[in-house]
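# Report on the structure
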Amino acid sequence: MRYSKILGTGGYLPEKVLTNHDLEKMVDTTDEWIVTRTGIHQRHIAADDENAVTMAEQAGRVALEAAGLKPDDIDMIIVTSTTPHMVFPSTACLLQERFGISGCAAFDLNASACAGFMYGFSIADQFIRSGMIKHALVIGSEVMSRVVDWTDRSTCVLFGDGAGAVVLGPTAEPGVLSTHLHADGKHKDVLYLPLGNNRTPNLESVKMMGNQLFKLAVNILGDLFDETLEANQMQKSDIDWLVPHQANIRIIQAMAKKLELPLDRVVTTLDKQSNTSSASIPLALDEAIRDGRIQRGQLLLMEGFGGGLAWGSALVRY
Ligand code: ACO
């Protein structure tokens, strides 16, 4: 039996930090409102010369080093981004060129923003399990600061920039136990990012019905946890760490409660990083592995949800 396992992780956050107090000077908001409603204190913002490719390169190189691999060991690059540098070539191809490699499969995956990483992770797992490839590099890289309306206080306080990367490789012992992917297009209006006039491609800004999305997320994720545990005949008490998408601390707390998991077993980065869309799960994973919280052999539940709606999970023996 062949499985995939996490060989290495990496993360990159731009140097510039925008605090809630900075936002108080930009829109009609307060640090107190943002912290109470979301748990966010600050976010990182990409510099003018940074983009999804440059950030993906930084995170990807760190993950490869952690895995003890070189770029030409990689058989597949998947970049999950809804804020790519170009429509095409894909961010993955631009990254391949920066790595100085050629020939391996490389593509971008848009599973409606924040769910993207779980989709990319699942695809990489399937390819490794089937024996089609040996090593995959999956990177979430997002420049959300370029697609939010900085005059809209209901969305601009929520998002930030960054990239997170995971290298997956083959193993005889699990590894990634299972992944679960879902979507439901009837909720398309709760979170979306329209294209501008397609003759002069320019994106509009993120539109969100926060309240409805909050309730949908809590219900969807609760069912997703049940499905994930049942598929593996495991109990809530088997889980060592929840590594969730970082959208809102209240959603994360509700998920911890659902899993009967103390909050110190939940990896939370949104206080410092905000919601970095599809980069948030690998960034959280990388932080908790690097600071020694997540140890080899422990059981991780990862989950993501985003526009579409689309959502997914993975149960992983790290
Ligand atoms: N500062 C001050 N007041 C604000 C702000 C702000 N930044 N934003 C909104 N408000 C006001 C609203 O105008 C509203 O005022 P009103 O009562 O006078 O109309 C009031 O605060 C309450 O607004 P709600 O939208 O009801 O506030 P809520 O408690 O739902 O919190 C939030 C909003 C934080 C967006 C929450 O609904 C949420 O997190 N939803 C889920 C969002 C999510 O998961 N997004 C990401 C998923 S997908 C992805 O990551 C791409």
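Summarised in this report is the structure supplied together with it.

The rules behind these values
- Residues numbered from 1 in each chain as written.
- Predicted model: local features only at pLDDT ≥ 70, side-chain atom pairs only at ≥ 80, totals over all residues.
- Heavy atoms only, no water.
- Helix = DSSP H or I, 4+ residues; strand = E, 2+ residues; numbered from the N terminus.
- Rg over C-alpha atoms; globule rule 2.2 N^0.38 Å.
- Buried < 20%, exposed > 50% of the residue type's maximum accessible area, 1.4 Å probe, protein only.
- Contact = heavy atoms within 4.5 Å.
- Lys, Arg positive; Asp, Glu negative; His and termini not counted.
- Charge placed at Lys NZ, Arg CZ, Asp CG, Glu CD.
- 1 Å grid on protein atoms, 1.4 Å probe; cavity = no way out; pocket = protein on both sides within 12 Å on 5 of 7 lines; lining within 4 Å.
- Points joined across faces, edges and corners; volume = space filled by probe spheres on them.
- Nonpolar A, V, L, I, M, F, W, Y, C, P; charged D, E, K, R; others polar.
- Domains from an automatic or database assignment.
- Near = heavy atom within 4 Å.
- Polar contact = N/O pair within 3.5 Å; in protein donor to acceptor, adjacent residues only side chain to side chain.
- Areas by Shrake-Rupley, 256 points an atom, 1.4 Å probe, with all protein chains shown as cover.
- Sits in = over half its atoms within 2 Å of the grid points.
- Pairing = 2+ DSSP bridges.
- Axes fitted to C-alpha atoms, helices over the stretch in contact; angles between N-to-C directions.
- Right-handed = clockwise from strand over helix to strand, strands pointing away.
- Phe/Tyr/Trp six-rings, centres within 6.5 Å; stacked < 30°, edge-to-face > 60°.
- Lys NZ or Arg CZ within 6 Å of the ring centre and 35° of its normal.

### Section: the overall build of the protein chain
The number of helices and strands found in the protein chain is 10 helices and 13 strands. Here the C-alpha radius of gyration of the protein chain, 18 Å, is about what a compact globule of 318 residues would show, namely 20 Å. Looking at the protein chain residue by residue over its 318 residues, the buried ones come to 56%. Across the protein chain, every contact between residues at least 6 apart in sequence was considered, and the portion connecting residues at least 24 apart equals 74%. Between the averaged position of the 28 positive side-chain charges in the protein chain and that of its 38 negative side-chain charges there is a distance of 2 Å.

### Thoughts on the layout of surface pockets
Empty space within the largest pocket amounts to approximately 800 Å³. Taken together, 33 residues form the lining of the largest pocket, with T82, T83, P84, L193 and L203 sitting closest to its centre. Broken down by class, the residue content of the lining of the largest pocket amounts to 18 nonpolar, 12 polar and 3 charged. Each of domain 1 (3-171) and domain 2 (176-317) gives at least three residues to the lining of the largest pocket. Taken as a whole, the second largest pocket holds about 560 Å³ of empty space. Together, 24 residues line the second largest pocket, and L158, M208, G210, N211 and N248 are the ones closest to its centre. Of all elements in the fold, only α2 (31-38), α6 (153-156), α7 (210-231), α8 (249-258) and β12 (299-306) reach the threshold of two or more residues within the lining of the second largest pocket. Here the lining of the second largest pocket gets 4 residues from one element, more than from any other, and that element is α7. Classifying every residue of the lining of the second largest pocket by side-chain character gives 11 nonpolar, 9 polar and 4 charged.

### Thoughts on helix α10 (residues 280-290)
Across the 11 residues of α10, 9 count as buried, placing the element largely inside the fold. Within α10, the full set of buried residues consists of S280, I281, P282, L283, A284, L285, D286, A288 and I289. G292 lies just past α10 and shows a positive phi near 90°.

### Section: the site of the ligand
The local shell around the ligand holds 26 residues, among which T29, R37, C114, N248 and N275 are the closest. One of the side-chain N or O atoms of H245 is found 3.0 Å from an oxygen atom in the ligand. Take N248: an N or O atom from its side chain is 2.5 Å from an oxygen atom of the ligand. Protein coverage of the free-state accessible area of the ligand, which is 1000 Å², stands at 75%. Judged by the proximity of its atoms to the pocket grid, the ligand belongs to the second largest pocket. Those elements that place two or more of their residues in the shell around the ligand are α2, α6, α7, α8 and β12. Considering every element that reaches the shell around the ligand, the biggest residue donor is α7, with 4 residues. Taken together, the residues of the shell around the ligand sort by class into 13 nonpolar, 9 polar and 4 charged.

### A short note on the sheet that holds strand β8 (residues 176-183)
The sheet built from 4 strands is open, its strands ordered β8-β13-β12-β11 with mixed pairing. The outermost strands of the open sheet, each flanked by one partner alone, are β8 and β11 (241-244). The average undirected angle you get between the axes of adjacent strands in this sheet is 10°. With 8 bridges connecting them, β12 and strand β13 (residues 310-317) associate as antiparallel partners. Its bridge partner being in β13, M302 is matched across the sheet by A314. Contacts from helix α5 (residues 116-129) reach β8, β12 and β13, with the element oriented near 130° to β8.

### Considerations on the pairing of strand β4 (residues 76-80)
By the criterion of burial, β4 is predominantly enclosed, with 5 of the 5 residues buried. Of the two faces of β4, both are covered, the one formed by M76, I78 and T80 as well as the one formed by I77 and V79. Sheet topology note: the β4/strand β5 (residues 105-109) ladder contains 5 bridges and is parallel. Across the sheet, M76 pairs through a bridge with A105, a residue of β5. Remark: the β4/helix α4 (residues 91-99)/β5 crossover connection has right-handed handedness. Relative to strand β6 (residues 136-143), β4 runs parallel, the two being bridged by 5 bridges. Each residue of the ladder has a partner; that of I77, found in β6, is L137.

### Topic: the packing of aromatic side chains
For the structure on display, the rule yields 1 aromatic pair. On the basis of an interplanar angle of 40° and a centroid distance of 5.9 Å, the ring pair of F117 and F121 is categorised as tilted. One end of the pair, F117, and the other, F121, are both in helix α5, 4 residues apart, so they sit about a helical turn from each other. The same class applies to F117 and to F121, which are both buried. Across the ring face of W241, the terminal group of R265 is positioned such that the distance to the ring centre comes to 4.7 Å. The cationic tip of R296 hangs over the ring face of Y318; the distance from NZ or CZ to the ring centre is 3.8 Å.

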